[in-house]
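Each chain is listed here by its residues.
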Amino acid sequence: MTRYRKPGLAAVLAALITNAAVAADVSPLLIGEPRPAEAEGGWTFSVAPYFWIAGLSGDTAQFGMPTVHIDSSFSDILGNLDFAFMAAGEARYDRFSVIGDVIYTKLSADAETPLGILASDVDVTSESFSGLLGLGYAVLDGPDGHLDVVGGIKLWSVKTTISLSGGLLGRREASDRATWVDGVVGLRGKYSFTPEIYLTGWGLVGGGGADIDWDVALGIGYDFNDRVSSIAGYRALGVDYSDDGFLFDTVQQGPILGLAIKF
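Residues numbered from 1 in each chain as written. Predicted model: local features only at pLDDT ≥ 70, side-chain atom pairs only at ≥ 80, totals over all residues. Heavy atoms only, no water.

J.: Looking at this structure, I do not really get the overall build of the chain. What am I missing?
T.: Along the backbone of the chain there are 3 helices and 12 strands. Here the chain holds 263 residues, and the buried ones make up 50% of them. Looking at the chain alone, contacts between residues at least 24 apart form 67% of all its contacts between residues at least 6 apart. Carbon and sulfur atoms provide 60% of the accessible area of the chain, an area that totals close to 12,000 Å². (Helix = DSSP H or I, 4+ residues; strand = E, 2+ residues; numbered from the N terminus. Buried < 20%, exposed > 50% of the residue type's maximum accessible area, 1.4 Å probe, protein only. Contact = heavy atoms within 4.5 Å. Areas by Shrake-Rupley, 256 points an atom, 1.4 Å probe, with all protein chains shown as cover.)

Structure below.
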């Protein structure tokens with residue numbers, strides 16, 4: 001495969017490898033607390049699409065290339081974004097809860113090659129997925145709030161594809177990917193200042209496939225009514241994974257906005 005000058009493939013890889021989405025983890029911040037099961041006669045449910053205005057920093061290495069340092073703002077990432085989906089959900093009965101969070105992003109960009117002899121164009125596509133399924137139990141539960149102990153399994157998948165066109169190596173494609181699973185544990189909580197305004201947050205940490213996997217957040221929520229609420233806060237998430245030359249050691253952080261629907 002041809003060598004690339006800077007800024008070139010290495011810079012494009014740095015710009016594209018995100019999220020985590022890079023994410024995610026559990027997102028109880030984005031889920032307004034369901035109404036008590038006793039009041040509904042059974043399980044209650046919440047779903048919450050959200051938007052994370054996050055930048056990315058850290059180190060990554062793929063395709064046997066040297067480690068590349070990443071320091072991308074949200075505007076840098078947005079310029080290469082093809083598609084993104086982020087959503088959280090919760091099912092709750094009394095003190096017990098089942099929680100989930102999914103983040104998927106796809107980014108693409110063009111890289112440069114020297115002289116265009118071996119290849120005239122290089123397209124780089126990066127896809128990342130993070131999904132968590134967890135269980136929670138409220139160790140403290142009162143009229144003004146709750147504190148849950150949480151444990152779960154998180155699946156990560158990061159894939160980068162390089163496509164060459166033109167030149168001697170035209171119509172060639174190569175991919176490098178990693179998929180791993182981490183276990184995470186932590187706390188999440190909510191405290192209501194008024195019937196409409198509440199403070200919520202969480203802290204999770206774990207590992208398994210990764211050396212460490214962590215996620216913390218704090219936010220303010222507002223209940224418009226019994227079914228719809230909004231959240232504004234700040235979230236930081238980090239993961240350190242390495243295996244056979246594939247390195248993904250990143251931190252993603254920034255403001256997060258969400259809308260929760262309860263039923």
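J.: What exactly am I supposed to notice about the pairing of strand 10 (residues 212–223) here?
T.: Here strand 10 shows one buried face, formed by Asp-213, Asp-215, Ala-217, Gly-219, Gly-221 and Asp-223, and one open face, formed by Ile-212, Trp-214, Val-216, Leu-218, Ile-220 and Tyr-222. Strand direction decides the pairing type here: strand 9 (residues 197–208) and strand 10, joined by 10 bridges, are antiparallel. Of the residues in strand 10, the one forming a bridge with Val-205 is Trp-214. Between strand 9 and strand 10, which pair antiparallel in sequence order, lie 3 residues. The pairing of strand 10 with strand 11 (residues 228–243) spans 12 bridges and is classified as antiparallel. Across the sheet, Val-216 pairs through a bridge with Ala-236, a residue of strand 11. (Pairing = 2+ DSSP bridges.)

J.: When you look at unusual backbone geometry in this model, what are you seeing that I'm missing?
T.: Keep in mind that most residues, glycine aside, have a negative phi and that most peptide bonds are trans. For Asp-94, which is not glycine, the phi dihedral falls at a positive 55°. Here Asp-94 shows up in the loop between strand 4 (81–93) and strand 5 (96–111). Not every positive phi belongs to a glycine, and Asp-244 is a case in point at roughly 50°. When you line up the elements, Asp-244 lands in the loop between strand 11 and strand 12 (246–262).

J.: Honestly, the packing of aromatic side chains in this entry has me stumped. Any pointers?
T.: By the definition in use, this model includes 11 aromatic pairs. Seen from their ring centres, Phe-45 and Phe-263 are 5.8 Å apart, and the 20° between their planes marks the pair as stacked. One end of the pair, Phe-45, is in strand 1 (residues 44–52); the other, Phe-263, is in the segment after strand 12, and 218 residues separate them in sequence. Ring pairing ties together the aromatic residues Trp-156, Trp-180, Tyr-241, Phe-246 and Phe-248, which thus form one cluster. Just above the ring of Tyr-198 sits the side chain of Lys-190; from NZ or CZ to the centre is 4.2 Å. Sitting over the ring of Trp-52, Arg-235 keeps its end group 4.7 Å from the ring centre. (Phe/Tyr/Trp six-rings, centres within 6.5 Å; stacked < 30°, edge-to-face > 60°. Lys NZ or Arg CZ within 6 Å of the ring centre and 35° of its normal.)

J.: When you look at the pattern of salt bridges in this model, what are you seeing that I'm missing?
T.: Any two side chains of opposite charge can pair if their charged atoms end up close together. All chains considered together, the criterion is met by 7 salt bridges. In this structure, Lys-154 and Asp-213 form a salt bridge, with 2.6 Å as the shortest nitrogen-oxygen distance. Of this pair, Lys-154 sits in strand 7 (residues 145–165) while Asp-213 sits in strand 10, and the two are 59 residues apart along the sequence. As far as burial versus exposure is concerned, Lys-154 and Asp-213 are alike and both buried. Its salt-bridge partner being Arg-235, residue Asp-215 comes within 3.2 Å of it at the nearest N-O pair. Placement of Asp-215 in strand 10 and of Arg-235 in strand 11 is noted, with a sequence separation of 20 residues between them. For the pair shown, Asp-215 and Arg-235 are each scored as buried. Through salt bridges that share partners, Glu-90, Arg-92, Asp-148 and Arg-188 make up one connected network. (Salt bridge = Lys/Arg side-chain N within 4 Å of Asp/Glu carboxyl O.)

J.: Just to check I follow, could you spell out the environment of Gln-252 for this structure?
T.: Following the sequence through the fold, Gln-252 ends up in strand 12. For Gln-252, a relative accessible area of 6% puts it in the buried group. C-alpha separation for the pair Gln-252 and Gly-238, spaced 14 residues apart in sequence, amounts to 6.3 Å.

Such coordinate-based values are descriptive only and should not be taken to indicate function.
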